[in-house]
Amino acid sequence: LVILWVLSAYELHRAYQSDLREAELRTEGQAQVMAEYAKSTFKRFNEVAMDLRETWDGDWQAFSQRVRRRQEIIDDLSFQITLVDKDGIVAFSNLAKPNDRTDLNEREHFKVHKNGNNADRLFISRPVRGKVSGKLSIQVTRPLLRDGKFDGIIVISISPQQLASFGEKLKLGPGGVL
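Residues numbered from 1 in each chain as written. Predicted model: local features only at pLDDT ≥ 70, side-chain atom pairs only at ≥ 80, totals over all residues. Heavy atoms only, no water.

As for the overall build of the protein
So the rule is basically this: A run of H or I in DSSP becomes a helix once it reaches four residues, and a run of E becomes a strand once it reaches two; helices and strands are each numbered from the N terminus. The globule rule used for comparison is 2.2 Å times the number of residues to the exponent 0.38, while the radius of gyration itself is calculated over C-alpha atoms. Any residue under 20% of the maximum accessible area for its type is buried, any over 50% is exposed, and the rest in between are partly exposed; the area is computed with a 1.4 Å probe on protein chains only. In what follows, a contact means two residues having at least one pair of non-hydrogen atoms within 4.5 Å. The Shrake-Rupley method, run with a 1.4 Å probe sphere, supplies the accessible areas, and residue values consider only the shown protein chains as cover. All tallies of charge rest on Lys and Arg as positive and Asp and Glu as negative; His and the ends of each chain are not included. Charge placement uses NZ in Lys and CZ in Arg. For Asp and Glu, CG and CD serve respectively.
Per the secondary structure count, the protein includes four helices and six strands. Secondary structure elements of the protein, listed N to C terminal, follow the sequence α-α-β-β-α-β-β-β-β-α. For the protein, whose C-alpha radius of gyration is 23 Å, the value lies well above the compact-globule estimate of 16 Å for 178 residues. Taken over the C-alpha atoms alone, the protein extends approximately 85 × 30 × 25 Å along its principal axes. Out of the 178 residues in the protein, the part that is buried amounts to 37%. Partitioning the contacts of the protein with sequence separation of at least 6, the portion at a separation of at least 24 is 53%. Accessible surface computed for the protein: about 11,100 Å², of which carbon and sulfur atoms make up 53%. Counting 27 positive and 24 negative side-chain charges, the protein places the averaged centre of each group 3 Å from the other.

Spelled out as structure tokens, the structure:
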């Protein structure tokens with residue numbers, strides 16, 4: 001009877017260790033897939049932001065046409081593209097009229113670039129409630145630099161839900177966390 005109990009305990013422990021290792025491998029694979037997805041997604045946003053900012057010349061209507069053409073590249077994730085001038089005022093938004101004077105100078109994604117010593121780098125914000133859209137969004141931003149000086153920012157807004165929906169495809173199961 002003791003031998004049966006010892007063998008049963010050993011078998012349960014071995015099965016537990018096997019299940020634990022399988023879960024670790026599955027989690028590691030899912031994390032790698034999500035990391036690659038995030039990397040490629042933000043690379044797409046960065047490329048579009050860098051491309052569009054070079055074409056901004058203050059002409060709202062012409063820029064709107066350019067945005068419409070470029071937005072096809074990221075329309076599966078992005079819902080808003082915005083240009084903010086050096087004072088923090090929205091100069092262009094594909095969701096607002098050109099005469100709307102929305103002030104974003106207190107937003108983190110604006111301050112990072114304004115106080116960034118004219119560094120040309122990508123910034124990804126925490127989720128914030130959009131002043132124009134009213135939706136929760138993550139702001140992917142790049143500075144607008146004219147003659148090497150800060151002249152505003154370009155903002156691409158994405159829904160956190162769009163990113164999370166990719167996690168649903170990973171089939172994390174009950175209690176799964178992304």
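Section: the packing of aromatic side chains
Let me state the cut-off plainly: Stacked, edge-to-face and tilted labels apply to pairs of Phe, Tyr and Trp rings (six-membered ring for Trp) whose centres lie within 6.5 Å, assigned for plane angles under 30 degrees, over 60, and everything in between, in that order.
Using the criterion set out here, one finds four aromatic pairs in the structure. A ring pair is formed by Phe63 and Phe92, whose centres lie 5.0 Å apart and whose planes are at 85°; its orientation type is edge-to-face. In this pair, Phe63 is assigned in helix α2 (residues 60-74) and Phe92 in strand β2 (residues 90-93), connecting sequence segments 29 residues apart. On the basis of relative accessible area, Phe63 is assigned to the buried category, the value being 0%. Chaining the aromatic ring pairs together yields one cluster made of Trp56, Phe63 and Phe92.

Topic: the environment of Ile124
Mapped onto the elements, Ile124 comes out in strand β3 (residues 123-124). Judged by its relative accessible area of 38%, Ile124 is partly exposed. Placed 62 residues apart in sequence, Ile124 and Ala62 show a C-alpha to C-alpha distance of 27 Å.

A short note on unusual backbone geometry
Within the chain, Asn117 stands out as a residue other than glycine whose phi angle is a positive 55°. Looking at the element boundaries, Asn117 is found in the loop between α3 (108-114) and β3. Residues other than glycine seldom take positive phi values, yet Asp147 does so here, at roughly 55°. Relative to the assigned elements, Asp147 resides in the loop between β5 (136-146) and β6 (149-158).

Some points on the nonpolar core
Here is the rule we go by: Nonpolar cores are built from buried Ala, Val, Leu, Ile, Met, Phe, Trp, Tyr and Cys residues. Side-chain atoms within 4.5 Å join them into one set.
Ile156 and Ile158 are the most contacted members of the largest nonpolar core, which has 23 residues in total. Element by element, the count of residues in this core is highest for helix α1 (residues 2-53), at seven residues. Within the second largest apolar cluster, seven residues are counted, among which are Val90, Phe150, Ile153 and Val155.

A word on a nonpolar patch on the surface
The test is simple: Candidate patch residues must exceed 30% relative accessible area and have no salt bridge, after which like charges are joined if within 9 Å and Val, Leu, Ile, Met, Phe, Trp or Tyr side chains if within 5 Å. We define a salt bridge as a contact between a side-chain nitrogen of Lys or Arg and a carboxyl oxygen of Asp or Glu at a distance within 4 Å.
Nonpolar side chains collect at one region of the surface, where Leu1, Leu4 and Trp5 lie side by side and expose about 450 Å² of accessible area between them. By secondary structure assignment, the location of Leu4 is in helix α1.

A look at the side chain of Gln80
Formally: Between N or O atoms, a polar contact is any pair within 3.5 Å; within protein, one atom must be a potential hydrogen donor and the other a potential acceptor, and residues adjacent in sequence are included only when both atoms are from side chains.
Here Gln80 shows up in strand β1 (residues 78-85). Here the side chain of Gln80 touches Thr82 through a polar contact of 3.1 Å, side chain to side chain. Leave out the neighbours within four places in its chain, and Gln80 touches Gln71, Ser93, Asn94, Leu95, Val132, Ser133, Val155, Ile156 and Ser157.

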